Amino acid sequence: MYSTFEADLAAAVADGRIAGAVALVADRDGVIYETAAGVRAAGQPTPMDADTLFGLASMTKAIASVAVLREVERGVLDLDADLAGLIPEFAALQVLEGFGEDGAPRLRPARGAVTLRQLLTHTSGFAYDFASPDLGRWSQATSAPNLMSGQRAAHLVPLLFDPGEQWAYGIGIDWAGVALEAATGQRLNTYLDQHIFQPLGMTDTGFQPTPAQAARRASVHMAGPEGGLFPLPASPLDGQGEPEVFSAGGGLVGTARDYARFLRMLLNGGSLEGASVLKPETIDLLSQIHTGELRAGAFKAASPGVTHDFDLFPDQRTGWGLATMVSPQAGPDGRSAGTLGWAGIFNTYYWADRDRGLAGILMTQQLPFADPGVLALLSSLERSAYGKA
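Examining the environment of arginine 28
Consideration 1: Checked against the element boundaries, arginine 28 lands in the loop between strand S1 (20-27) and strand S2 (30-38).
Consideration 2: Put simply, arginine 28 and leucine 263 are 235 residues apart on the chain and 8.8 Å apart in space, counted from C-alpha to C-alpha.
Consideration 3: Looking at arginine 28, its side chain comes within polar contact range of the main-chain oxygen of arginine 354, at 2.6 Å.

What to know about the confidence of the model for the protein
Consideration 1: Across the protein, pLDDT averages 96, with 98% of residues at or above 70.
Consideration 2: The weakest mean pLDDT in the protein belongs to strand S6 (residues 221-223) at 93; the strongest belongs to helix H8 (residues 256-267) at 99.

With respect to the side chain of glutamate 71
Consideration 1: The residue glutamate 71 is located in helix H2 (residues 60-73) in this model.
Consideration 2: With a relative accessible area of 1%, glutamate 71 lands in the buried category.
Consideration 3: Here arginine 70 takes part through its side chain, which lies 3.1 Å from a polar atom of the side chain of glutamate 71.
Consideration 4: Aside from chain neighbours lying at most four places away, what touches glutamate 71 is Val76, Leu77, Leu180, Thr184 and Tyr191.

Considerations on the pattern of salt bridges
Consideration 1: Using the criterion set out here, one finds 20 salt bridges in the structure.
Consideration 2: The closest approach of N and O atoms between glutamate 273 and arginine 261, which form a salt bridge, is 2.6 Å. Within this pair, whereas glutamate 273 is found in the loop between strand S9 (271-272) and strand S10 (275-276), its partner arginine 261 is found in helix H8, the two being separated by 12 residues in sequence.
Consideration 3: Taking the relative accessible area as the measure of exposure, glutamate 273 reaches 57% and is therefore exposed.
Consideration 4: Each of Glu97, Arg108, Arg111 and Asp162 takes part in a single network of salt bridges with overlapping partners.

Some words on the packing of aromatic side chains
Here the distance between the centres and the angle between the planes together describe a pair of aromatic rings.
Consideration 1: Per the stated rule, a full pass over the model turns up 22 aromatic pairs.
Consideration 2: Ring centres of phenylalanine 207 and phenylalanine 246 lie 5.0 Å apart, and the angle between their planes is 40°; on these two criteria the pair is classed as tilted. With phenylalanine 207 in the loop between helix H6 (188-200) and helix H7 (211-214) and phenylalanine 246 in the loop between strand S7 (229-231) and strand S8 (253-254), this pair connects stretches of sequence that are 39 residues apart. We note that phenylalanine 207, like phenylalanine 246, is buried.
Consideration 3: Note that arginine 137 overlies the ring of phenylalanine 99, its terminal NZ or CZ placed 4.1 Å from the centroid.

Calculation criteria
- Residues numbered from 1 in each chain as written.
- Predicted model: local features only at pLDDT ≥ 70, side-chain atom pairs only at ≥ 80, totals over all residues.
- Heavy atoms only, no water.
- Helix = DSSP H or I, 4+ residues; strand = E, 2+ residues; numbered from the N terminus.
- Polar contact = N/O pair within 3.5 Å; in protein donor to acceptor, adjacent residues only side chain to side chain.
- pLDDT = per-residue confidence, 0-100.
- Buried < 20%, exposed > 50% of the residue type's maximum accessible area, 1.4 Å probe, protein only.
- Contact = heavy atoms within 4.5 Å.
- Salt bridge = Lys/Arg side-chain N within 4 Å of Asp/Glu carboxyl O.
- Phe/Tyr/Trp six-rings, centres within 6.5 Å; stacked < 30°, edge-to-face > 60°.
- Lys NZ or Arg CZ within 6 Å of the ring centre and 35° of its normal.

Dropping the structure here:
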């Protein structure tokens, strides 16, 4: 059933298009397929395997969003309330309207308050500079600190539009994590460990891997000037203690097997093996499209070294739920209408088809995002999972 995918995966490794990958398919009851190929770091002998840790990047968003929705269930957070009471900086948000002849940014006060629903659905106006030329230009003009610094000040970027008016992929989930901390009095790492990771048995997922876990981590790769892939050095922030802001939008490290447990919880209506994370009605709510007629889940690249243009379903009006992209129509490779899915910038991808009770994960570690070869492997994996290969 998976022979075509395995041949495609082997060819990608042999041709040097990827250093290595882990792929997994699960249903509501457990993992039904798993394979690995290649190595954790190009030029090194350690093979990829089921115990390999990956930078989850934006696959973090779904986990953090579920945590936020847990507090919505409990009445601690409100999806549609003004967040300025929890995040004082939100009382003075500004919208970037352009740049003057001297290159200085032109800003004005935002019209309307930012809500949790807007943060979770990427309709708040917050964006990423790799998907917004204007925000990248603003960052250069103001010498703003990099998001990777973990500084709260690095998240104080202008909005691209007034809250609720458009869709733009961005740092809203990071701010949702800040709101969660303010409302609960717990740091995000502690909250996720207590209420998500421990109940679900996700023993290899967290913001700060132990030395033993870090030794199992795959390197992030980039293409060299003469072709081939080379591993990037470890981040200088690794092992530097707690950041001011744990990135709810992209900071987690974990294994494919751990993430499969999270996806199986979604497939099972909020529970897994006796542990309840969310109520079934909340899983239904997060699975609905909350962006109306706005097209959500695709963006143009503003930083070619970081990402290519990304649009998994150009023929669909994809939307965003309260944790993931939602595909309103059946996909060409097998997934059902209403399937949840998204990705991480190091070319990690997942889907969770609640209708068919099937989830899939493909993990690599390389830039730029939306690598055509990796996307072809994702398509091959999905076709195999649905018996279409």
